[in-house]
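# Architecture at a glance
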Amino acid sequence: MRKPPIRRTGAALAAATCLALAATACGGTTKEDVRREGGTAAGARTADPGAALEKGLTVGFLPKQVNNPYFTVADKGGEKALKELGSHYKETGPSSATDTSGQVSYVNTLTQQQVDAMAVSAQDPGALCTALEQAMRNGIEVVTYDSDTRPECRNAFVSQASAEDLGRTQVQLLAGQIGHKGEIAILSAAQTATNQNTWIGYMKDELKKPAYRDMELVEIAYGNDDAQQSFQQTQGLLQEHPDLKGIISPTTVGIKAAAQYLSGSRYKGKVALTGLGTPDDMRTYVKNGTVEAFELWDPARLGELAARTAVALASGQITGKEGETFEAGAMGRYTLGEDGVIVLGRPTVFDAGNIDRFHF
Ligand code: RAM
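A short tour of the structure in this document, coming up. (Residues numbered from 1 in each chain as written. Predicted model: local features only at pLDDT ≥ 70, side-chain atom pairs only at ≥ 80, totals over all residues. Heavy atoms only, no water.)

Right, let's talk about the site of the ligand for a bit. The full set close to the ligand counts 15 residues, and Lys 64, Asp 146, Asn 195, Asp 225 and Thr 252 are the nearest of them. Between Asp 225 and the ligand, the recorded distance is 2.6 Å, taken from a side-chain N or O atom to an oxygen atom. Between the ligand and Thr 252, the relevant distance is 2.7 Å, taken from an oxygen atom to a side-chain nitrogen or oxygen of the residue. Considering the ligand on its own, with 290 Å² of exposed area, one finds that the protein chains cover 100% of that surface. (Near = heavy atom within 4 Å. Polar contact = N/O pair within 3.5 Å; in protein donor to acceptor, adjacent residues only side chain to side chain. Areas by Shrake-Rupley, 256 points an atom, 1.4 Å probe, with all protein chains shown as cover.)

Shown next as structure tokens:
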């Protein structure tokens, strides 16, 4: 059961008008609906779990950054799933992970193109809200994946793993590598990134436990998911903190650049490095003794789940409310948690013993 198809009847005109008008003028889900339903933009709609999956839909993928190999793999997973489902895929997005206003314009472009759904990895939790709300008022389903916006600005969020687990386990991994002792630093992505900031929040909380009393977080640096900036930030961290014992980099671009720097320096094997990386990026550094262990989920499965969630939403099987369930093809059945969060699964820890079994 679809929500009122503004987009399907006189869609072009409606979309253009709605883009130009204030929030409540376009009907559909209002902020009041969101408040009443508690959390997401599910509004007053009711899910029909037995609804057939629609075909011929167009789903736009809008990653944080198009030229980031992690998103290339994730979005390919989305493309493959959409093909299987008989729907269409398109991808658009900024080439820099700090181009927040660029991301806003890409949301507006997808809205004007009247896609049926969009899957967005948000560079900033709040910046996209107005544009995403306009998209939803135009009948477009909004799924965030990888990095969320605020719950009321999208229908559902496909999360790579439990954010809390990801934050805490990265600290646990590093602590094990440095004997729970010494100065540590974090090399993050963009300063505004919702996902990295959420994980860092849990890292700080984990570090408060007595087990880490001899570890001190001395700096958080930002490499903006840019290889060169991340490399330079790593160099800077080591210059600033000569006693540094370890670095956590919760970004695939950051951890690869940090590994590259450490590997060619006198800190190789002396300063530990962990975080979130792809096995393909990190294989060399695990084998040459720069990195002991790190973790990640399979980005292709994340993209696939985002695509399948978008189609389930556009087909009316789910609306974004807690407790709704849907079948994600061969991936199995998923249930929406609090605030419309769908968790992909548990990440994998990679080390010399298993890294050759993974190719992404
Ligand atoms: C980078 C991006 C992405 C994050 C991964 C781990 O590619 O910042 O958002 O999930 O790293």
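If you check helix H8 (residues 227-240), its first and last C-alpha atoms are 20 Å apart, about what 14 residues at 1.5 Å a residue would give, namely 20 Å. Those residues of H8 that sit buried are Ser 230, Thr 234, Leu 237 and Leu 238. The buried residues of H8 occupy one face: seen down the axis, they fall within an arc of 95 degrees. Across H8 from its buried face, at more than 90 degrees, point the exposed residues Gln 228, Gln 239 and Glu 240. Elements that come into contact with the buried residues of H8 comprise strand E6 (182-188), strand E7 (215-222), strand E8 (244-249) and helix H9 (252-263). By the N-cap criterion, in which a side-chain oxygen at the helix start approaches the backbone nitrogen of a residue two or three places on, H8 is capped by Asp 226, the distance to Gln 228 being 3.2 Å. (Helix = DSSP H or I, 4+ residues; strand = E, 2+ residues; numbered from the N terminus. Expected span 1.5 Å × (residues − 1). Buried < 20%, exposed > 50% of the residue type's maximum accessible area, 1.4 Å probe, protein only. Arc of directions from axis to C-beta. Contact = heavy atoms within 4.5 Å.)

Time to look at the sheet that holds E8. With respect to topology, four strands assemble into an open sheet ordered E7-E6-E8-E9, the strand pairing being parallel. Each edge of the open sheet is held by one strand with a lone partner, namely E7 and strand E9 (272-275). Ignoring strand direction, the axes of neighbouring strands in this sheet form an average angle of 25 degrees. Contacting E6, E7, E8 and E9, helix H6 (residues 163-177) crosses the sheet at an angle of about 160 degrees to E9. (Pairing = 2+ DSSP bridges. Axes fitted to C-alpha atoms, helices over the stretch in contact; angles between N-to-C directions.)

Another point: the nonpolar core. Core analysis: the largest hydrophobic core is formed by 75 residues, its most contacted members being Tyr 145, Trp 297, Leu 305 and Phe 326. Take this core: its biggest share by element is nine residues, from helix H11 (residues 299-314). Split by domain, this core shows at least three residues from each of two domains, domain 1 (6-161 + 299-345) and domain 2 (163-296). One finds Val 115, Ala 131, Leu 132 and Ala 135 within the second-largest nonpolar core, a separate group that totals 15 residues. (Core = buried A, V, L, I, M, F, W, Y, C linked by side-chain atoms within 4.5 Å. Domains from an automatic or database assignment.)

It is worth spelling out the packing of helix H3 (residues 69-84) against H11 at this point. Relative orientation of the contacting elements H3 and H11 amounts to 45 degrees, with a least axis distance of 6 Å. The angle between H3 and H11 falls in the class oblique. When the axes of H3 and H11 are compared, the crossing they make is right-handed. Mapping the contact onto sequence places Tyr 70, Val 73, Ala 74, Gly 77, Gly 78, Ala 81, Leu 82 and Glu 84 in H3 and Pro 299, Ala 300, Leu 302, Gly 303, Glu 304, Ala 307, Arg 308 and Val 311 in H11. Grouping the constituent residues of the contact of H3 with H11 by class yields ten nonpolar, three polar and three charged. (Parallel < 35°, antiparallel > 145°, perpendicular 65-115°, else oblique. Left-handed = near helix turned anticlockwise from the far one by under 90°. Nonpolar A, V, L, I, M, F, W, Y, C, P; charged D, E, K, R; others polar.)

Here we take up unusual backbone geometry. Despite not being glycine, Asp 146 has its phi angle at roughly 70 degrees, a positive value. Residue position: Asp 146 is located in the loop between strand E4 (141-145) and strand E5 (156-159). Positive phi, close to 50 degrees, is recorded for Asp 225, a residue that is not glycine. In this fold, Asp 225 is placed in the loop between E7 and H8.

Note on aromatic pairs: each is described by the distance of the centres and the angle between the planes. Evaluation of the coordinates by the stated rule reveals eleven aromatic pairs. Ring geometry for Phe 71 against Tyr 145: centres 6.4 Å apart, planes inclined by 85 degrees, an arrangement best described as edge-to-face. With a gap of 74 residues between them, Phe 71 in helix H3 and Tyr 145 in strand E4 connect regions that are remote in the sequence. The same class applies to Phe 71 as to Tyr 145, namely buried. Look at Phe 231 and Tyr 261: their rings are 5.3 Å apart centre to centre, the planes differ by 85 degrees, and that puts the pair in the edge-to-face class. Pair noted here: Phe 231 is in helix H8 and Tyr 261 is in helix H9, with a separation of 30 residues, a long-range link. Phe 231 gets classed as partly exposed once you look at its relative accessible area, which sits at 30%. Three or more aromatic residues link up through ring pairs in this structure, and these residues are Phe 61, Tyr 70, Phe 71, Tyr 89, Tyr 145, Trp 199 and Trp 297. (Phe/Tyr/Trp six-rings, centres within 6.5 Å; stacked < 30°, edge-to-face > 60°.)

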